[in-house]
Amino acid sequence: MESRRRVRWALSREIIPDQAEEQEPAKSTTIIKYEKSSCLFCNEWFDAQTFTEHLIHCGQVLEECPKGCLAFIPRIRMRSHLKECPRAKQQQQLLNGQRLSASMDRLDQQQSDHRLQALEQDVGTIRSVLNEEIRQRLHLITDVGNIRKQNQVVEDWNRDTDEVVGGLRRQIEEEASQRAYALEQNQLDVQYCCNITQSLKEQVESRLDEAQKLVNQLSLDVTFHQNQLNDNILKLEELIFENERQNRDKFFQIEEFMQQINEDIKTKLGNSDYVTTKQATLDYEVKNVKNIVCETEERCDKLDRALHQTMQNLSDLENQMAMQQRIASVQNIRGHLIWRIKDYSKKLDEAKQYDTILHSAMFSNKAFGYALRLDIYLNGKGTWKGRNMIACLNVLSGEYDPLLAWPCRLQAEIVIRDQSSNMAEAQDYVKTIFVRKKSDDFIQSNQYFHIPHKVITSRNYLRNDAMFIEVRILKL
């Protein structure tokens, strides 16, 4: 009975016996608590609150036989064991033997006490072995719980992984379908672009043919105007020669007339009134002759200016023809131009005398972009004339104007390059301008900018009587 109570007390204390006997120095341990625990006898899972109560009433708990047969029987089989217990039969036989012999009883009692002591020792040994087994089973249960927990975590991770893999597969399938659709769409777009390119190529070829025809027509017109100009120049030369001949005849007549007057003065020196009148008449005619000479000189100057203007117009027509040819195929399509103006002094003198304009080569801000040209008045214009150089950036009519955005808005930098031999000390002169044009058929209101002549002649902007002007189109 004492051993049974000890076993029950150990089970009621959550199967941790002999804690008082095995006291050891305290050690820092990590206690892992689980929401559920497994019974080491029936392997059933219970909550932490009901686990202790279950151990007290568990049918699989081993208990010592109350008849003293030294057998440990599960509680649920205890009744059937009592019916078949050999110890009970032995007790019955002993009762019968007690009636036979009292002396035999004493001997049996002594043997029983001795056997009982041996049995108690065996039971203590079995109890210690059972406690050790229970302790090992507790460790195994803890390990099994940990393994089950890990298995549960692994199963959850596998389930989440399967879900993620399924989602990724669905996304891959969707992306594959989208890529197939995008590939088909790109093929359609490429085909459409090819068709558009072919149509644009045909349009460009047709426009090139039209431009070639226009250039041919302009060439014929220039030839016609040049012939007319040559005829006008010949007529102008004949008129100048005729005027010079008439002026020469008039000078001869004036000299003859002066000689006659001198003779009359000598013959009629005595008549002072006649001399005074003749002298007044002579002075009047001399003034008239001077006026005629001045008018003739002015007319010659005008004719000279007209001749130079005509030559300038002829040069402009040639430049226009070349410009039309360049418009048909503009080579400079990077929005960048470097213009070398040579014989600067000579061109400045011509600008002072004839108000000439210098035109740069044609260029474009980009491929199939606006047709641009830089115009320069070396001697200035208007109120800036004589002291400054005036320039403007023009947007001309181009072949691709119907395809461009209007109104045109551009920003450009005009740079006068410093031609210093030491590039590290070079300081360029930079001007920023804005170019605007309402439409391709609208007259542009130019924005002029001025650069003083003293700036141009300073530093190394002029070298070997040449100047470099750079134009850079900036992206807005």
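- The chain goes by TNF receptor-associated factor 3 isoform X1 in an unreviewed UniProt entry, where it is assigned to Drosophila kikkawai.

Points about helix H7 (residues 344-354)
Phase 1: Looking at H7, one finds that the buried residues are Tyr 344, Leu 348 and Ala 351. Buried residues of H7, seen end-on, are gathered within an arc of 60 degrees and therefore sit on one face of the element.
Phase 2: Check the buried side of H7 and you find it contacts strand S5 (336-342), helix H8 (453-456) and strand S13 (466-474).
Phase 3: A positive backbone phi angle near 55 degrees is found at Asp 355, which sits one or two residues after H7.

Observations concerning the pattern of salt bridges
Phase 1: If you walk through the whole model with that rule in mind, you get 10 salt bridges.
Phase 2: One salt bridge connects Asp 355 with Lys 385, and the closest N-O pair in it is separated by 3.0 Å. Residue Asp 355 is found in the loop between H7 and strand S6 (358-359), and its partner Lys 385 is found in the loop between strand S8 (371-377) and strand S9 (388-396); the two are separated by 30 residues along the sequence.
Phase 3: Assessed through its relative accessible area of 43%, Asp 355 is described here as partly exposed.
Phase 4: With its nearest N and O atoms 3.0 Å apart, the salt bridge here joins Glu 413 to Arg 472.

So, the environment of Leu 348
Phase 1: Take Leu 348: it is sitting in helix H7.
Phase 2: On the accessibility criterion, Leu 348 (12% relative accessible area) is buried.
Phase 3: Sequence separation of Leu 348 and Met 389 is 41 residues, and the distance between their C-alpha atoms is 9.6 Å.
Phase 4: What Leu 348 contacts, discounting residues up to four positions off in sequence, is Leu 378, Asn 379 and His 453.

Things to note about the sheet that holds S13
Phase 1: Ordered in space as S5-S13-S10-S11, the 4 strands form an open sheet in which the pairing is antiparallel. Edge strands, defined here as strands with exactly one partner in the open sheet, are S5 and strand S11 (429-437). Ignoring strand direction, the axes of neighbouring strands in this sheet form an average angle of 20 degrees.

Looking at the pairing of S5
Phase 1: Going residue by residue along S5, you find Leu 337, Trp 339 and Ile 341 tucked away on one face and His 336, Ile 338, Arg 340 and Lys 342 left uncovered on the opposite face.
Phase 2: Judged from the 7 bridges that link them, S5 and S13 form a sheet pairing that is antiparallel. Within the sheet, the bridge partner assigned to Lys 342 lies in S13 and is Ala 466.

Description of the packing of aromatic side chains
Phase 1: All told, the structure shown has 3 aromatic pairs when counted by the stated rule.
Phase 2: Each ring, one from Phe 368 and one from Tyr 400, has its centre 5.0 Å from the other, and the planes form 85 degrees; the classification is edge-to-face. In this pair, Phe 368 sits in the loop between strand S7 (363-364) and S8 while Tyr 400 sits in the loop between S9 and strand S10 (408-416), placing the two residues 32 residues apart along the sequence.
Phase 3: Assessed through its relative accessible area of 53%, Phe 368 is described here as exposed.

Observations regarding the pairing of S13
Phase 1: Relative to S13, S10 runs antiparallel, the two sharing 6 bridges. Counterpart to Gln 411 in the pairing with S13 is Leu 474.

Some words on the nonpolar core
Phase 1: One finds Leu 374, Ile 376, Met 389 and Leu 393 to be the most contacted residues of the largest nonpolar core, which totals 34 residues.
Phase 2: Counting residues per element, this core draws most heavily on S10, which supplies 5 residues.
Phase 3: Every residue in contact with Ile 376, bar those within four places of it in the chain, is listed here: Trp 339, Ile 341, Thr 356, Ile 357, Leu 358, Met 389, Ile 390, Ala 391 and Ile 469.
Phase 4: The next biggest cluster of nonpolar side chains, apart from the first, holds 6 residues, and it includes Cys 39, Leu 55, Cys 58 and Val 61.

Quick notes on the rules
- Residues numbered from 1 in each chain as written.
- Predicted model: local features only at pLDDT ≥ 70, side-chain atom pairs only at ≥ 80, totals over all residues.
- Heavy atoms only, no water.
- Buried < 20%, exposed > 50% of the residue type's maximum accessible area, 1.4 Å probe, protein only.
- Helix = DSSP H or I, 4+ residues; strand = E, 2+ residues; numbered from the N terminus.
- Arc of directions from axis to C-beta.
- Contact = heavy atoms within 4.5 Å.
- Salt bridge = Lys/Arg side-chain N within 4 Å of Asp/Glu carboxyl O.
- Pairing = 2+ DSSP bridges.
- Axes fitted to C-alpha atoms, helices over the stretch in contact; angles between N-to-C directions.
- Phe/Tyr/Trp six-rings, centres within 6.5 Å; stacked < 30°, edge-to-face > 60°.
- Core = buried A, V, L, I, M, F, W, Y, C linked by side-chain atoms within 4.5 Å.

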